[in-house]
Amino acid sequence: MPLPNKAYKEGCWIVFLCSVWYTSSSGQNVINKQLLGYFPYPVTISMVHMLAVALFLIPVLRIRKVEKLKIHDKRRFLILVLPLAFGKFFASISSHLSIASVSVSFAHTVKAMMPIFTVILSRFIVNERPSNKVYMALATIIVGVLIATVTELTFNYVGGAFALIATITFALQNVYTKKAIGDLYIHHLRLLLIIGQLASLMLFPIWVYVDLTRILNNKELIEKLNWPRTLLLLFTSGFLNFLQNIFAFSVLSLTSPLSYSIANASKRIVIITSSLLFLKNPVTPMNVFGMGTAILGVLAYNKAKYDDRCSKQTLPVYTSDADLVHMKSYRMRDEHVSNGHPNYNV
């Protein structure tokens, strides 16, 4: 029986959004790895990414006529938003430091461990107890990452440590957002803009001290570097990062929690595959097996968490990029339960 016309069009639209999301994310990672190969300034790349969100979102909000922000308690608002802004740029820097030292495929395999830290942090922060199915999925992830680590030909402790730090930061953002988002009655794109702007302000002095001074003092770099190509790659990386955020939010708003979690895990598969094809970093069959096992563990974790939440009639925990977790909540904020409290089913 053919799908209704509306459902068919929506399905095609979601496929298109996912395609652009995967392409922009994969392209960004490949470009960043190429940049860091001859332009070893990861903080500069992170600075460009923060500015891209802070600047490119302004016309988008105007075109979509997003409501202006009304802050009733500025102090409380900053207490909630500042940690998210700090986590955004800190996780970005950690990610770029990791792919500067190890392969993109390995860095994203390590990021597959995010559910492990999400469960640990959720246990202590929001007192959430996982089921046995969740523990089994986490064990699968651990086994996969261990296999990938032992067989990783480009492994070094610095790159592995920064990949782990980035993963923990994303997980902490995930849990903190789940705990804090209920108080922020704000359009998701407006919130993303504010976080991007605050992250840019926080990162700017660090960028000046860490990267800009080194670049200005490196006369050989200034004279020999192909600046037009480098600036073009930096701009492209920033723009792709911006597109990745926008299209990921769009997919998030159109799909179920389980569908989005699967789409996000699929994105990581595409990133790993594209990095192997375009960057041609050396891998072994066991290395690929470990990566695949970790990704399957993530899929099993998402399904287990979704089943747990359905049985408890509460929200599913997202294990996607931390920048995306808090954006979903806004969609259902106008719906209220009979006792007057907001209903955040997403």
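Residues numbered from 1 in each chain as written. Predicted model: local features only at pLDDT ≥ 70, side-chain atom pairs only at ≥ 80, totals over all residues. Heavy atoms only, no water.

## Focus on a nonpolar patch on the surface
Link 1 in the chain: On the surface, Trp13, Phe16 and Leu254 cluster together into a nonpolar patch covering about 290 Å² of accessible area.
Link 2 in the chain: Inspection of the secondary structure assignment puts phenylalanine 16 in helix H1 (residues 5-38).
Link 3 in the chain: Classification of phenylalanine 16 by relative accessible area gives partly exposed; the value is 41%. (Patch = residues over 30% accessible without salt bridge, like charges linked within 9 Å, V, L, I, M, F, W, Y side chains within 5 Å. Areas by Shrake-Rupley, 256 points an atom, 1.4 Å probe, with all protein chains shown as cover. Salt bridge = Lys/Arg side-chain N within 4 Å of Asp/Glu carboxyl O. Helix = DSSP H or I, 4+ residues; strand = E, 2+ residues; numbered from the N terminus. Buried < 20%, exposed > 50% of the residue type's maximum accessible area, 1.4 Å probe, protein only.)

## Side note on the packing of helix H3 (residues 74-101) against helix H8 (residues 188-217)
Link 1 in the chain: Packing of H3 against H8 brings their axes to within 8 Å, and their N-to-C directions diverge by 60 degrees. By the angle between their directions, the pair H3 and H8 is classed as oblique. Every pair of crossing elements has a handedness; the one defined by H3 and H8 is right-handed. Packed against H3, whose contacting residues are Phe77, Val81, Leu82, Leu84, Ala85, Phe86, Lys88, Phe89 and Ile93, the element H8 presents Leu191, Leu192, Ile194, Ile195, Gly196, Leu198, Ala199, Met202, Leu203 and Ile206 at the interface.
Link 2 in the chain: When the residues that make up the contact of H3 with H8 are grouped by side-chain class, the tally is 17 nonpolar, 1 polar and 1 charged. (Axes fitted to C-alpha atoms, helices over the stretch in contact; angles between N-to-C directions. Parallel < 35°, antiparallel > 145°, perpendicular 65-115°, else oblique. Left-handed = near helix turned anticlockwise from the far one by under 90°. Contact = heavy atoms within 4.5 Å. Nonpolar A, V, L, I, M, F, W, Y, C, P; charged D, E, K, R; others polar.)

## Observations concerning the environment of glycine 159
Link 1 in the chain: Residue position: glycine 159 is located in helix H7 (residues 157-180).
Link 2 in the chain: Exposure remark for glycine 159: the relative accessible area of 0% places this residue in the buried category.
Link 3 in the chain: Between the C-alpha atom of glycine 159 and that of serine 95, which follows or precedes it by 64 residues, the distance is 9.0 Å.

## A closer look at the side chain of serine 237
Link 1 in the chain: You can see serine 237 is positioned in helix H10 (residues 227-254).
Link 2 in the chain: A distance of 2.7 Å separates polar atoms of two side chains, one belonging to serine 237 and the other to histidine 49. (Polar contact = N/O pair within 3.5 Å; in protein donor to acceptor, adjacent residues only side chain to side chain.)

## Re the nonpolar core
Link 1 in the chain: Ranked by size, the top nonpolar core spans 61 residues in total, and within it Phe39, Leu57 and Ile141 carry the most contacts.
Link 2 in the chain: Apart from residues lying up to four places away in sequence, isoleucine 141 is in contact with Ala112, Met113, Pro115, Ile116, Ala294, Gly297, Val298 and Tyr301. (Core = buried A, V, L, I, M, F, W, Y, C linked by side-chain atoms within 4.5 Å.)

## Overview of unusual backbone geometry
Link 1 in the chain: Positioned with a positive phi, lysine 65 is a non-glycine residue whose angle comes to about 55 degrees.
Link 2 in the chain: With relative accessibility at 73%, the residue lysine 65 sits in the exposed group.

## Side note on the packing of helix H2 (residues 42-63) against H8
Link 1 in the chain: Close contact between H2 and H8 brings their axes to 7 Å; oriented N to C, the two are set at 150 degrees. With respect to their mutual orientation, H2 and H8 come out roughly antiparallel. The way H2 lies across H8 gives a crossing that is left-handed.
Link 2 in the chain: Taken together, the residues that form the contact of H2 with H8 break down as 20 nonpolar, 5 polar and 2 charged.

## A short note on the pattern of salt bridges
Link 1 in the chain: Taken as a whole and judged by the stated rule, the model has 2 salt bridges.
Link 2 in the chain: Across the pair lysine 224 and glutamate 220 runs a salt bridge, and its minimum N-O distance is 3.5 Å. Residue lysine 224 and its partner glutamate 220 are located together in helix H9 (residues 219-224), separated by 4 residues, close to a single helical turn. With respect to class, lysine 224 is no different from glutamate 220; both count as exposed.

## Regarding the environment of leucine 69
Link 1 in the chain: Along the chain, leucine 69 turns up in the loop between H2 and H3.
Link 2 in the chain: A relative accessible area of 31% means that leucine 69 is categorised as partly exposed.
Link 3 in the chain: Residues leucine 69 and arginine 190 lie 121 residues apart in sequence; the distance between their C-alpha atoms is 7.5 Å.
Link 4 in the chain: Once you skip the residues sitting within four places of it in the chain, leucine 69 turns out to touch Phe77, Ile186, Arg190 and Ile194.

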